[in-house]
Amino acid sequence: MMKDPRRPIFGFLWPPKENAVDGDFKQIRLIRIPARGPWRLILLVGASILIVMFAGVAIMAVSSTSVFPVLITGAVLASTVVILLRGWSIGTYVNDDAVVVRRMFSSAACPWSSVARIECSGQAVVLYLVDGSMIVTGIAMNSLDTWLRPSAHDAAVIAFENWARKN
């Protein structure tokens with residue numbers, strides 16, 4: 001009688017080794033290139049903490065006043081939270097189907113089939129599309145993700161080129 005081998009405690013986190021991934025696998029979820037760097041994280045986490053502190057103080061300050069200051073405070077807090085959430089989503093994202101560049105007030109997305117060529121200049125990675133337009137990505141030497149970290153910039157450029165070459 002043969003027993004199954006013991007599974008690790010957190011075995012549900014890893015797929016079984018005997019089930020190979022087939023060739024039809026597609027990456028659907030968008031992956032951020034590069035990962036958020038320390039400068040961006042310091043800025044975003046600090047801003048998040050400040051907004052939470054300001055929101056608590058502002059809500060307590062206007063809680064016993066008339067409706068108008070409450071509405072103004074609520075509108076300012078809601079706008080600030082929306083801008084902060086957008087700040088968390090800024091970046092260049094890729095998957096097997098497309099590349100998405102999210103900026104603070106705009107986004108650009110295109111399928112890999114629309115990309116004619118990629119240019120990695122000293123400043124940023126630029127996508128030239130088959131229709132003649134171009135998209136400047138967030139992968140740059142002076143971005144908050146790679147600032148003062150040239151190896152992180154190089155790794156991001158290589159990862160982006162690998163995604164482009166694969167598609």
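This text goes with the structure placed above it.
This report concerns the structure included in the present document. Here the structure is a predicted model, which is why all the values come from computation and not from measurement. (Residues numbered from 1 in each chain as written. Predicted model: local features only at pLDDT ≥ 70, side-chain atom pairs only at ≥ 80, totals over all residues. Heavy atoms only, no water.)

### Observations regarding the overall build of the protein chain
Working step 1: A tally of helices and strands in the protein chain yields 3 helices and 7 strands.
Working step 2: Moving toward the C terminus, one meets the helices and strands of the protein chain in the order β-α-α-β-β-β-β-β-β-α.
Working step 3: Here the C-alpha radius of gyration of the protein chain, 22 Å, is well above what a compact globule of 167 residues would show, namely 15 Å.
Working step 4: For the protein chain, the residues scored as buried account for 31% of the 167 residues in total.
Working step 5: Looking at the protein chain, you have 16 positive and 11 negative side-chain charges, and the mean spots of the two groups are 8 Å apart. (Helix = DSSP H or I, 4+ residues; strand = E, 2+ residues; numbered from the N terminus. Rg over C-alpha atoms; globule rule 2.2 N^0.38 Å. Buried < 20%, exposed > 50% of the residue type's maximum accessible area, 1.4 Å probe, protein only. Lys, Arg positive; Asp, Glu negative; His and termini not counted. Charge placed at Lys NZ, Arg CZ, Asp CG, Glu CD.)

### Quick notes on the pairing of strand β7 (residues 134-140)
Working step 1: Relative to β7, strand β6 (residues 124-129) is paired through 4 bridges, and the arrangement is antiparallel. Across the sheet, Tyr128 pairs through a bridge with Met134, a residue of β7.
Working step 2: Taken together, β6 and the strand that follows it, β7, pair antiparallel across an intervening segment of 4 residues, in which Gly132 is found at a positive phi of about 95°. (Pairing = 2+ DSSP bridges.)

### As for the packing of aromatic side chains
Working step 1: Throughout the structure, instances matching the rule amount to 2 aromatic pairs.
Working step 2: Sitting over the face of the ring of Tyr93, Arg102 holds its NZ or CZ atom 4.8 Å from the ring centroid.
Working step 3: Of note, Arg117 hangs over the ring of Tyr128, and the distance from its end group to the ring centre comes to 4.2 Å. (Phe/Tyr/Trp six-rings, centres within 6.5 Å; stacked < 30°, edge-to-face > 60°. Lys NZ or Arg CZ within 6 Å of the ring centre and 35° of its normal.)

### Notes on the sheet that holds β6
Working step 1: An order of β5-β6-β7 is seen for the 3 strands of this open sheet, with the pairing classed as antiparallel. If you trace the sheet from one side to the other, it starts and ends with β5 (115-120) and β7, each paired once. Strand-to-strand twist across the sheet, computed as the mean angle between neighbouring axes with direction ignored, equals 20°. (Axes fitted to C-alpha atoms, helices over the stretch in contact; angles between N-to-C directions.)

### Regarding the side chain of Ser48
Working step 1: Relative to the helices and strands, Ser48 is located in helix α1 (residues 38-62).
Working step 2: Only 3.4 Å separates the side chain of Ser48 from the side chain of Trp88, close enough to count as a polar contact.
Working step 3: Leaving out residues up to four positions away in the same chain, Ser48 has contacts with Leu84 and Trp88. (Polar contact = N/O pair within 3.5 Å; in protein donor to acceptor, adjacent residues only side chain to side chain. Contact = heavy atoms within 4.5 Å.)

### A few points about the sheet that holds strand β4 (residues 107-111)
Backbone-to-backbone hydrogen bonds pair the strands of a sheet. The strands run either parallel or antiparallel.
Working step 1: Overall, antiparallel pairing links the 4 strands, which are arranged β1-β2-β3-β4 in an open sheet. Looking at which strands have only one partner, the edges of the open sheet turn out to be β1 (31-33) and β4. If you compare each strand with its neighbour and ignore which way they point, the axes differ by 25° on average.
Working step 2: Helix α2 (residues 67-89) contacts β2 (91-94), β3 (98-102) and β4 of the sheet and is inclined by roughly 55° relative to β2.

### Comments concerning the side chain of Asn95
Working step 1: Of note, Asn95 is situated in the loop between β2 and β3.
Working step 2: What makes Asn95 buried here is its relative accessible area of 7%.
Working step 3: In this structure the side chain of Asn95 is engaged in a polar contact, spanning 2.8 Å, whose partner is the backbone oxygen of Ile28.
Working step 4: When sequence neighbours within four positions are dropped, the list of residues in contact with Asn95 reads Gln27, Ile28, Arg29, Leu30, Trp112, Trp163 and Asn167.

### A short note on the environment of Asp131
Working step 1: Looking at the element boundaries, Asp131 is found in the loop between β6 and β7.
Working step 2: With relative accessibility at 61%, the residue Asp131 sits in the exposed group.
Working step 3: Measuring from C-alpha to C-alpha, the distance between Asp131 and Ser79 comes to 36 Å, with 52 residues separating the pair along the chain.
Working step 4: Polar side-chain contacts of Asp131 include one of 2.7 Å to the side chain of Ser133.

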